[in-house]
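For reference, the chains in residue letters:
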Amino acid sequence: MNTPFIQFISITKIFSKKIVLDNVNLEIPYGEIFGIIGKSGSGKTTLLSILVGFIKPEKGKAFFQGQDLSRFTNNIRQQFGFTAQEGSFYPNLTVRENLEYFGTLYNIPYASLKEKIPETLKLVNLTEAENKVGRSLSSGMKKRLDIACAILHDPKVLILDEPTEDLDPLLRKEVLRLLRKINKEKNVTIIMTTHLLEEIESVCSRVAILDNRTIIESGTVNELKDKYSKNQEIILETYSGKYEWLIKILKPNKLVEKIFESDGRLIVYSPKAEGMLKFMLHEIEKKKEKVQDVDLNKPSLSEVFESLTSQDKK
Amino acid sequence: MNKLFEILRKNILLLVRSKTSALIVLLGPLVLILLISTAFNTTSLYDIKIGAYSDSYSSLSDSIMEQLNADEFKVEKLDSMDVCINSIKTNDIHVCAIFPSDLTIESEENIEFYVDTSRLNLVYVVLNSISSKVSTKSTELSTALTSTLVATIENADSKIAESSGRIIILSAKLTEIKEQISSSVESLGASNFTQDAGSLEDTAEELNATGEAGDLIGSYKSLVTKLVSKINTVSELSSSVTSLEAEITNVQEVKDTLSGIQDNINSVQVKEVSKIVSPIKTEIKTVSSEGTHFTYTFPILLVIVLLFSGLLVSSTTVIEEKSSKAFFRNFITPTSNGLFVFGNFLSNLIIILSQVIIIFIVVFLFSGTSISNSILVNLAIMIIMTASVFILLGMLIGYLFKSGETSNLAVITIASILLFFSNTILPLETLPLALRSIAGFNPFILGADALKEILLFNTSLNLISTEFYILLGYIVVLFVLVFIIRELSKRRYIE
């Protein structure tokens, strides 16, 4: 039997008599980009902190390649890279000085550092900012510097806590591209948390959903979608852009799970999406409206997440 | 070693790049010592104002005021005693001197000095200085009076000596006269003359009765009568000899009295005016070499700089480190907690020692005070020990408190406590015994005492081993505490 790359067994963490993680069980395979999703305050950061040995659980154990993480030795620390939500570097040091400092703390000899720093800067596309102080960098550059600090020592696992938080959509895409590149080029297992489910969907091969202090589900994105989403998504756009009349007709229908307007489009979730779409087009024709665009999608991860977490609440 | 160097480099770079921190940390103590060395590099007091009042000033009171008006004091005559006393309360003057009206040396009233004892740091210095000036005037007057007195006594002594000689001569002459008279009386044989005169009278009577002597008898009788008269005079002379003997005795007594007085005068061994005025001469000698206010206060000032800089710099760097985004990454690197604590401690120590070096350079340049090579090693050891205690204390505060504001408040509170329970503001001797014995363990006192002994008395480390070992104990205990609290701060960080 293969030893799981990373494994959490019955992890329970309590802060000030408050249970933050309760009986968490999870396995993370090697070489993948693994997403942990959960609402704010669901315990994602705590789980990552246990993983990097920053805190110890009250109950349960975490393992890395079969090694008990509660005995977090320097050897294990050396295998992990971490970027925190707000960045973990010194804003008053230059990019190079930050890398030299953390590189030394990660036991990289000075001679190797000389080679590794330009290499890493190139990977994260920060070569030109080498001598700029951290605080003068743009948001995207800061995030890339943070990632550079975390991967300089060639860790086997890169852990990112909300890596795209506070970034604009373009920068998010840039960061996610970088993560895919690191995963591919350096063969690093990436574990990331986020509450922006679209990015998990776009970059992660596997996800775990953390809710109510425990992991309620984990698997590939498609597995989860297939397993948990009974609905399909209908996106419809008319030239008039007025949908009140249609919402009035559809809302009482038992086959309509959810209906709302978004950006001049009507979004409908239904378990019988094809039949529902036919019915909708028929009603539009009767009203003598004209359809500009229509789309039928598989459910998003967001819907799976919503479905799972709301089920949990019931 | 590389890690330690990198931690030091990072801390120093962060301090230098934060301009305000660098300015405060490096220039603060520099400016402080520069100002203090310029201001206190003197032995004098300046512009001490004395208010004076008297219902009627005399030449003596004026002369005392003139004496006080010299040098650092300024004497100002005020309108009334109340104005004078109230002026102390309003800080317009430092001392109020009330002179008795028409003060003379015969006056029995005192000159009264009113002072504000709440100004502890000044009042005793001023009183001491005034007492010394008034005492100088008093000594001058005493000297003048005593000189007159001594001259009079010496004059009397010489007159007595002179008179004694004359009395001796007089006594001798009287004795001689007495002896001459006695001998004349003796030779005249006065007792037989009376007998003989009686028989001559009898013979004259017999001759007169017979009538044989004729007229001769008349002459004979007259001669006999004269003879009898003379004989009576001789017997009177004998009684005069007796009186003369009594007078000679009196003269002898006078002579003895004068000799006694002279002996008494001569028995006074101390006749020098200066010795009579101040028979016991006191001289206060310092055990340290003579210096200015700055020389004496420098060890304390140095420890004050170490105290405030040590506490503030280290607590600030810890708070900055804790609030830094990189704090978390430091924790998860394969670097021991102890190395971080030691690295941060060493960075702070380097900063504080840089300040101390700057201070010594400034002191050397501006006050000319130099440090002897023989004490350099001991001095460096004690400065490092004292600074280490304050740095570790500051680091502990930094790790214990969450924000810069609360940490600064804690630093100010602790620094104030350490400062108040030291010799700086009030002597420790003013504290109750129990408190005093606790205050004896105050690292501020230990450091200040050790530095004072080294700087002023050139003391070896052996003689200050108590201070050394107590400070060492503090360093060990604080280092362990900082280590533990840093570990615990991880939990807080996550919470």
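Everything quoted here is computed from the prediction, not taken from an experiment.

J.: So what's going on with the overall build of chain A? Residues and values would help.
T.: Broken down by element type, chain A carries eleven helices and 14 strands. Counting over 314 residues, chain A shows a buried share of 54%. A fraction of 68% describes how many contacts in chain A between residues 6 or more apart in sequence connect residues 24 or more apart. Here chain A has roughly 15,000 Å² of accessible surface; of this, 47% comes from carbon and sulfur atoms.

J.: How would you explain the environment of Gln78 of chain A if you had to name every residue and give the values?
T.: Along the chain, Gln78 of chain A turns up in the loop between α2 (74–77) and β6 (80–83). Sequence-distant contacts of Gln78 of chain A, that is, excluding residues within four places in its chain, are made with Tyr106, Asn107, His153 and Pro155 of chain A together with Pro334 of chain B. A polar side-chain atom of Gln78 of chain A sits 2.6 Å from the main-chain carbonyl oxygen of Tyr106 of chain A. In this structure the side chain of Gln78 of chain A is engaged in a polar contact, spanning 3.1 Å, whose partner is the side chain of Asn107 of chain A.

J.: Report on the side chain of Asn183 of chain A, specifying residues and quantitative values.
T.: Residue and element names in this part refer to chain A. Assignment of secondary structure puts Asn183 in helix α6 (residues 169–185). With relative accessibility at 15%, the residue Asn183 sits in the buried group. Those residues within four positions of Asn183 in sequence are excluded, and the remaining contacts are Gly31, Glu32, Ile33, Val188 and Ile190.

J.: Residues and numbers for helix α12 (residues 373–400) of chain B, please.
T.: Its 28 residues give α12 of chain B an end-to-end C-alpha distance of 41 Å, which sits within 8% of 40 Å, the value for a rise of 1.5 Å per residue. Where burial is concerned, most of α12 of chain B is hidden: 20 out of the 28 residues are buried.

J.: Mind laying out the nonpolar core, listing which residues take part and the relevant values?
T.: Judged by nonpolar contacts, the single largest core of 57 residues is most densely connected at Leu302, Leu307, Met382, Ile383, Met395 and Phe444 of chain B. Among the elements of the structure, α1 (2–17), α9 (293–323), α11 (337–367), α12, α13 (404–420), α15 (443–457) and α16 (465–494) of chain B are those that each provide at least two residues to this core. Counting residues per element, this core draws most heavily on α12 of chain B, at 15 residues. Once residues within four sequence positions are removed from consideration, Leu307 of chain B is found in contact with Phe390, Ala415, Leu418, Leu419 and Phe444 of chain B. Within the second largest apolar cluster, 54 residues are counted, among which are Val95, Ile147, Leu152 and Val175 of chain A.

J.: Now, about the interface of chain A and chain B: what can you tell me, with residues and values included?
T.: Every contact between the two is made by 31 residues of chain A and, on the other side, 28 residues of chain B. Between chain A and chain B the total buried area reaches about 3,000 Å² when both faces are included, carbon and sulfur atoms providing 61% of it. Sorting the residues of chain A by area buried against chain B places Phe54, Tyr90 and Leu105 of chain A first, and these three jointly supply 25% of that buried surface. Where chain A meets chain B, there are three salt bridges. Among the salt bridges present, the one from Glu97 of chain A reaches Arg17 of chain B, with a minimum N-O distance of 2.6 Å. Between the two partners, chain A and chain B, sit 14 residue pairs in polar contact (both at pLDDT 80 or more). Of all elements in the fold, only α2, β6, α3 (95–105) and α5 (139–151) of chain A reach the threshold of two or more residues within the side of chain A that touches chain B. Sorting elements by how many residues they give to the side of chain A that touches chain B places α3 of chain A first, with six residues. For the side of chain A that touches chain B, a count of residues per class yields 15 nonpolar, eleven polar and five charged.

J.: Give me the lowdown on the sheet that holds strand β10 (residues 214–220) of chain A, citing residues and values where you can.
T.: Residues and elements named next belong to chain A. Taken in spatial order, the six strands of this open sheet run β6-β7-β8-β3-β9-β10, and their pairing is mixed. Where the open sheet ends on each side, the last strands, each with one partner, are β6 and β10. Across this sheet, the average inter-strand angle for adjacent strands is 15°, counted without regard to direction. Strand direction decides the pairing type here: strand β9 (residues 206–211) and β10, joined by six bridges, are antiparallel. Considered in β10, the bridge of Asp211 is made with Thr214. Sitting on the sheet, α6 is in contact with β3 (33–38), β7 (157–161) and β8 (189–194), with an inclination near 155° to β8.

J.: Quick rundown of the pattern of salt bridges? Include the residues and the values.
T.: Taken as a whole and assessed by the stated rule, the structure comprises 19 salt bridges over all chains. Each of Arg96, Glu100 and Glu130 of chain A together with Glu6 and Arg9 of chain B takes part in salt bridges that share partners, so that together they form one network.

J.: Got a sec to walk through the state of the cysteines? Specific residues and values, please.
T.: All names here are of chain B. Enumeration according to the criterion identifies one disulfide over all chains in this entry. One disulfide bridge connects Cys84 with Cys96, the sulfur atoms lying 2.0 Å from each other. Across the S-S bond of Cys84 and Cys96 the torsion is about 125°, and the bridge reads as right-handed. Residue Cys84 is located in helix α4 (residues 81–89), and its partner Cys96 is located in strand β3 (residues 95–99); the two are separated by twelve residues in the primary sequence. The same class applies to Cys84 as to Cys96, namely buried.

J.: Now, about unusual backbone geometry: what can you tell me, with residues and values included?
T.: Residues and elements named next belong to chain A. Here the phi dihedral of Asn23 falls at roughly 55°; this positive angle occurs in a residue that is not glycine. Here Asn23 is to be found in strand β2 (residues 18–28). The backbone phi angle of Asp154 is positive, close to 55°, even though this residue is not glycine. Tracing the sequence through the fold places Asp154 in the loop between α5 and β7. Judged by relative accessible area, Asp154 falls into the partly exposed class, the value being 37%.

J.: So what's going on with the packing of α5 of chain A against α6 of chain A? Residues and values would help.
T.: Residues and elements named next belong to chain A. Axis separation between α5 and α6 bottoms out at 10 Å; the angle between their running directions is 20°. With respect to their mutual orientation, α5 and α6 come out roughly parallel. At the point where α5 passes α6, the crossing takes the right-handed sense. On the side of α5, the interface is formed by Ser139, Gly140, Lys143, Arg144, Ile147 and Ile151, while α6 contributes Leu171, Glu174, Val175, Leu178, Leu179 and Ile182. Class assignment of the residues belonging to the contact of α5 with α6 gives a composition of seven nonpolar, two polar and three charged.

J.: Could you give me a rundown of the sheet that holds strand β13 (residues 265–270) of chain A, with the residues and numbers involved?
T.: Residue and element names in this part refer to chain A. Reading across the sheet, the four strands line up as β12-β13-β11-β14 and stay open at both edges, with antiparallel pairing between neighbours. One side of each edge strand has no neighbouring strand; the edge strands of this open sheet are β12 (258–262) and β14 (291–297). Put simply, the sheet's adjacent strands are angled 15° from each other on average, direction ignored. Here strand β11 (residues 232–238) runs beside β14; their pairing, made up of six bridges, is antiparallel. Looking at β14, one finds that Leu236 is bridged to Val294. Sitting on the sheet, helix α10 (residues 273–286) touches β11, β13 and β14, and the angle it makes with β11 is about 15°.

Calculation notes
Counting restarts for each chain, with residues numbered from 1 along the sequence as it is written. By the order in which they are written, chains take letters starting at A while ligands take numbers starting at 1. In view of the model being predicted, local features appear only for residues whose pLDDT reaches at least 70, and side-chain atom pairs are presented and counted only at 80 or more, with totals across whole chains, interfaces and linings using the full set of residues. Just so you know, side-chain values use all the structure's heavy atoms and leave hydrogens and water out. Elements are defined by DSSP. Helices are runs of H or I of four residues or more, strands are runs of E of two residues or more, and each kind is numbered from the N terminus. Per-residue accessibility, obtained with a 1.4 Å probe over protein chains only, is compared with the maximum for each type, and a residue is labelled buried under 20%, exposed over 50%, and partly exposed between these values. By definition in these notes, contact holds between two residues if any of their heavy atoms fall within 4.5 Å. Areas reported here follow the Shrake-Rupley algorithm with a probe of radius 1.4 Å; residue values treat only the protein chains shown as occluding. The definition of a polar contact used here is a pair of N or O atoms within 3.5 Å, where within protein one atom must be able to donate a hydrogen and the other to accept one, and adjacent residues in sequence count solely through side-chain atom pairs. Under the convention used throughout, the expected extent of a helix is 1.5 Å for every residue step, that is, one less than its residue count. Each nonpolar core is a collection of buried residues, namely Ala, Val, Leu, Ile, Met, Phe, Trp, Tyr and Cys, held together in the definition by side-chain atoms within 4.5 Å. By convention, the term buried area covers the 1.4 Å-probe accessible surface removed from two parts as they join, with the contributions of both added. Note on definitions: salt bridges are taken to be side-chain nitrogens of Lys or Arg within 4 Å of carboxyl oxygens of Asp or Glu. Residues were grouped as follows: Ala, Val, Leu, Ile, Met, Phe, Trp, Tyr, Cys and Pro as nonpolar; Asp, Glu, Lys and Arg as charged; and all remaining residues, including Gly, as polar. By definition, two strands form a pair when at least two bridges between them are found by DSSP. Axis definition: a line fit to C-alpha positions, over the contact stretch in the case of helices; interaxial angles, taken between N-to-C directions, run 0 to 180 degrees. Only a pair of cysteine sulfur atoms within 2.5 Å qualifies as a disulfide here. By the definition adopted for this analysis, an angle is roughly parallel if under 35 degrees, roughly antiparallel if over 145, roughly perpendicular if from 65 to 115, and oblique otherwise. Left-handed describes a crossing whose near helix is turned anticlockwise from the far helix by less than a right angle; the clockwise case is right-handed.

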